[in-house]
Amino acid sequence: MLGHRLASFTRPLTRAYAPKWPRPKPGTSERPPYRPSDPLNNNPSATVTALPDENLTFIHRPPPTAPSPISYTTNPVSPLLRPPTSPSSILPPLLRPSVDKSVPTRLTAVQVAEIRRLRSLDPVKWTRGRLAKKFDCTQQFVALVAATKKTTRTKLIRRRDEEHEANRGKWSEKRSLVAAISQKRRQYW
């Protein structure tokens with residue numbers, strides 16, 4: 001009896017497929033092809049007019065919906081579909097508006113010497129931002145032209161950090177918590 005069971009497990013498995021017959025005849029299908037109805041003949045709001053001269057039929061269908069004031073055909077969204085306003089509008093708009101900025105005027109040697117003198121005279125009063133506004137240049141330019149000594153810079157940074165810490169002491173508990181959370185987030189990501 002055990003041998004009979006083993007023999008049934010050792011037989012190879014056979015696959016059975018769908019029978020080949022009955023199949024549809026060649027050239028026919030099981031479902032008839034889809035033939036959509038003619039929208040001109042089946043439209044209830046269409047007006048049919050027979051033209052006797054050419055033996056033709058004229059069918060007028062109204063548009064499916066009323067034209068809206070924000071229609072793409074009456075009010076195109078793309079600026080390329082609008083008529084050009086001037087010959088210079090042929091080109092597309094610039095991606096970076098900073099390209100249109102005028103080139104800053106070059107500072108003279110006298111102005112650079114004045115920046116250095118004021119910065120070394122009182123770096124607390126004449127900060128990079130204040131000098132940049134006065135001479136119409138960037139803060140980076142002031143930092144490159146009139147760099148402070150390392151000892152002076154560390155004092156200025158320490159003083160700035162003390163001012164910031166005093167301002168942080170005035171914060172509410174919620175704002176302090178949010179700042180601590182964002183600082184911890186920056187630390188890990």
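Residues numbered from 1 in each chain as written. Predicted model: local features only at pLDDT ≥ 70, side-chain atom pairs only at ≥ 80, totals over all residues. Heavy atoms only, no water.

Where charged atoms from two side chains of opposite charge come close, those side chains can pair. This model, assessed by the stated rule, comprises four salt bridges. Close ionic contact of E163 with R159 constitutes a salt bridge, the shortest N to O distance being 3.9 Å. Taken together, the residues E163 and R159, both in helix 5 (residues 150-169) and four residues apart, mark about one turn of the helix. E163 sits in the partly exposed class, given a relative accessible area of 41%. Between R168 and E165 there is a salt bridge, with the nearest N and O atoms lying 2.9 Å from each other. (Salt bridge = Lys/Arg side-chain N within 4 Å of Asp/Glu carboxyl O. Helix = DSSP H or I, 4+ residues; strand = E, 2+ residues; numbered from the N terminus. Buried < 20%, exposed > 50% of the residue type's maximum accessible area, 1.4 Å probe, protein only.)

So, about a nonpolar patch on the surface. A cluster of nonpolar side chains, L51, L56 and F58, forms an exposed patch at the surface whose accessible area comes to about 270 Å². Relative to the helices and strands, L51 is located in strand 1 (residues 47-51). The class of L51 is partly exposed, set by a relative accessible area of 32%. (Patch = residues over 30% accessible without salt bridge, like charges linked within 9 Å, V, L, I, M, F, W, Y side chains within 5 Å. Areas by Shrake-Rupley, 256 points an atom, 1.4 Å probe, with all protein chains shown as cover.)

Helical periodicity: at 3.6 residues per turn, an α-helix aligns residues three or four positions apart in one direction. Burial in helix 3 (residues 128-135) covers these residues: L131, A132 and F135. Along the long axis of helix 3, the arc covered by the buried residues comes to 100 degrees, so they all point the same way. Looking at the residues trailing helix 3, positive phi occurs at D136, about 55 degrees. (Arc of directions from axis to C-beta.)

All quantities given are derived from atomic positions and should not be read as evidence of function.
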